[in-house]
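Residue strings, one per chain:
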Amino acid sequence: MHMQTILNDWKQNAPRHQERNFAFLHRLKMRDDRVVDRAARQLHEEAFSIIDCTQCANCCKTVSPLFRKDDVQRIAKHLKMAAHDFRAQYLQADEEGDLYLKRLPCPFLGEDNRCRIYEVRPRNCAEYPHTQKKGFSNRTYVHAANTLACPAVFYIVEQMRARRPGR
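Please read these numbers as outputs of a predicted model, since none were measured by experiment. (Residues numbered from 1 in each chain as written. Predicted model: local features only at pLDDT ≥ 70, side-chain atom pairs only at ≥ 80, totals over all residues. Heavy atoms only, no water.)

Colleague: Which residues make up the environment of R103, and what are the values?
Modeller: Its location among the elements puts R103 in the loop between β2 (99-101) and α7 (123-127). Spatially, the C-alpha atoms of R103 and N124 are 17 Å apart, while their sequence positions differ by 21 residues. (Helix = DSSP H or I, 4+ residues; strand = E, 2+ residues; numbered from the N terminus.)

Colleague: Describe in detail the packing of aromatic side chains, supporting the description with residues and values.
Modeller: Under the criterion given, the structure shown has 5 aromatic pairs. Measuring from ring centre to ring centre gives 5.1 Å for F86 and Y90, while their planes differ by 40°; the resulting arrangement is tilted. One end of the pair, F86, and the other, Y90, are both in helix α6 (residues 83-90), 4 residues apart, so they sit about a helical turn from each other. F86 gets classed as buried once you look at its relative accessible area, which sits at 0%. (Phe/Tyr/Trp six-rings, centres within 6.5 Å; stacked < 30°, edge-to-face > 60°. Buried < 20%, exposed > 50% of the residue type's maximum accessible area, 1.4 Å probe, protein only.)

Colleague: Account for the pattern of salt bridges, naming residues and giving values.
Modeller: Tallied over the full model, the rule gives 8 salt bridges. For R74, the salt bridge is made with D70, and the minimal N-O distance between the two is 3.9 Å. Here R74 pairs with D70, and both are found in helix α5 (residues 69-78), just 4 residues apart, close to one helical turn. For D71, the salt bridge goes to R74, with nearest N and O atoms at 2.6 Å. Of the two residues, D71 and R74 both sit in helix α5, 3 residues apart, roughly one turn of that helix. (Salt bridge = Lys/Arg side-chain N within 4 Å of Asp/Glu carboxyl O.)

Okay, here's the thing in structure tokens:
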């Protein structure tokens, strides 16, 4: 499968398949975690061998990462700013006190769809879309939401559903 095919499929079908994919992801909790994690890692590698994130960058345009205290300090230092100035300029806190970007797209996304702070980006960005991490089936809500934001996640979930690991 080619990248453009995956992008087109995602654009056309991600919203239409959202409920079906959420139900599938929820049912994965009933399966062997090791089998599900292995399948997810394999599909993650497969997806990212096809998809070039810089051709899409939708995650940077539509989803804010969570910024941890060490992310704030690292990025502020890189930008030669005080941490409190970085927070004031770029971040806001939600009702739980978690820090997110004030506005989207990400202010650090360049016109070429490349991250201008890639070397010091938030850990949440570095780990995105979290499909390669242990405990895949415990992230039902995250993966379901990310099928709308990321063509790679949509591909992984659709392929996993079609291949039915652990059955």
